[in-house]
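Observations on the model geometry
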Amino acid sequence: MNSPLTTLSHELADVVEKSAKSVVAINARWRFPASGVLWRPGVIVTADHTIKREDDIHVTLPDGRSVGATIAGRDSGTDLAVLRIDEAVGGIEANDPSPPKVGNLVLAIGRSTGDGARAAMGIVSTVAGPSRTWRGGMLDNLIKLDVSLYPGLSGAAVVDTAGAIHGIATSGLSRFAALLIPTSTIHRTVEELLRTGRVARGYMGIGLQSIPVPANLREKNKIDNENGVIVLSVQPQGPAEKAGVVLGDILLTINAKPVQDIDDVQQALAAAAIGNTLAVTLLHGGERAERSIVIEERPRRQE
C-alpha cells in the first residue's frame, strides 16, 4: 500500500505532466530561455521582462518542435507580453478561479529548450487585494509565492494541486519574492494587447515623494493636510510642466481630494482617462496655488 506521501508525489507528477502540455520555452534573450503558456490557440503569454529582443524569437512547443514567434504586444506595468505563433496549438483552461489561500501548495511549471518540462513547488505566502506595481500596472490581487524561480521559470504556469491554473509566475515585479500574475489580470491585459499592442496609461510627468507639510505653511494657507507630496523631478514638456508645476511644489489635493502620499496620486491618475484634466491644489513658493494638468499617455519609451 502506498503511503500518503507517495500518493501525493504521484498526484503532483500527474499535475505537472498534464499542465506541461500547455507550457512552452521562449528563446528571446541571451543564455537561457524563459517559459510561457499557450493561453489560447496560437497565443502565448509570458513575463515581459524576459523578452530581450524584438526579432528572431523562437518557441519550443510541448512536442519538441521549434517555431518562430512574433510579439503581439507587451506591457511592462503588469510584466506581461503576448506572442503569436502560426501553429494553432494549445489553449490552457484558464478560467478565473478564486485567489489561493495563504499556505496553499502551488507548482510553477515551465519548460526548457532541451530538457523538457521543469517544475518547482512552494506555498502561497501572501494574498492581498488589488495592488499597483512599481511599474504602474495594476494586479487584481497581490499574491506572493514562496517558490524558487530558477532561471527560465519566469513566465511559468502556476497551478494548484488539482491542476487549476491561477496565473503565471514572475520575478520581474519584486526583488524579494516571486509574484503570481493572476488569470483575471492576464485575461484583461491580453485582450488589450491583442487589440492595440500596448496598454495606454496616463501620466503627469513628475517625480514625487511624500513629506510632512510644515506647520507654519499649514497655518498661513489654512491647510488641513498634515502631509503632501513634493515634486522632485519634472519631465520636460510633460503635462505637469505645461501646467506650470515646478520643482519644490507640494501637491495638496487632486480634484478636491487630499493627497497624503504617492498612492493617493496614483489612484487619482488611474481614475482619470487620457485627455482628462486634474484640478490640483499645491504650495508654490510657500503660497497656495491652483493648477490644471491635462493627462497625457505615458510615452512608450518609459514603459
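Let me sum up the structure you'll find in this document. (Residues numbered from 1 in each chain as written. Predicted model: local features only at pLDDT ≥ 70, side-chain atom pairs only at ≥ 80, totals over all residues. Heavy atoms only, no water.)

**Comments concerning the pairing of strand β5 (residues 66–75)**
Looking at chain direction, strand β4 (residues 57–60) and β5 are connected through four bridges and run antiparallel. Looking at the pairing, T60 lines up with S66 of β5. Summarising the sheet, β5 and strand β6 (residues 80–84) pair through five bridges and their orientation is antiparallel. Considered in β6, the bridge of T70 is made with R84. (Pairing = 2+ DSSP bridges. Helix = DSSP H or I, 4+ residues; strand = E, 2+ residues; numbered from the N terminus.)

**Observations regarding the pattern of salt bridges**
Once their charged atoms are close, side chains differing in charge can pair, the charge on each being opposite to the other. Under the counting rule described, the total for this entry stands at 11 salt bridges. The partner of R74 in a salt bridge is E54, with the nearest N and O atoms 2.9 Å apart. Residue R74 is found in strand β5, and its partner E54 is found in the loop between β3 (43–47) and β4; the two are separated by 20 residues along the sequence. Note that E87 and R65 form a salt bridge whose closest N and O atoms lie 3.3 Å from each other. (Salt bridge = Lys/Arg side-chain N within 4 Å of Asp/Glu carboxyl O.)

**Topic: a nonpolar patch on the surface**
A surface patch of nonpolar side chains, amounting to about 430 Å² of accessible area, comprises L5, L8, L105, M121 and I123. When residues of the nonpolar patch are traced back to their parent elements, those giving at least two are α1 (4–19) and β8 (116–128). The topology assignment puts M121 in strand β8. Overall, M121 belongs to the partly exposed group, its relative accessible area being 47%. (Patch = residues over 30% accessible without salt bridge, like charges linked within 9 Å, V, L, I, M, F, W, Y side chains within 5 Å. Areas by Shrake-Rupley, 256 points an atom, 1.4 Å probe, with all protein chains shown as cover. Buried < 20%, exposed > 50% of the residue type's maximum accessible area, 1.4 Å probe, protein only.)

Geometry only, nothing functional implied.
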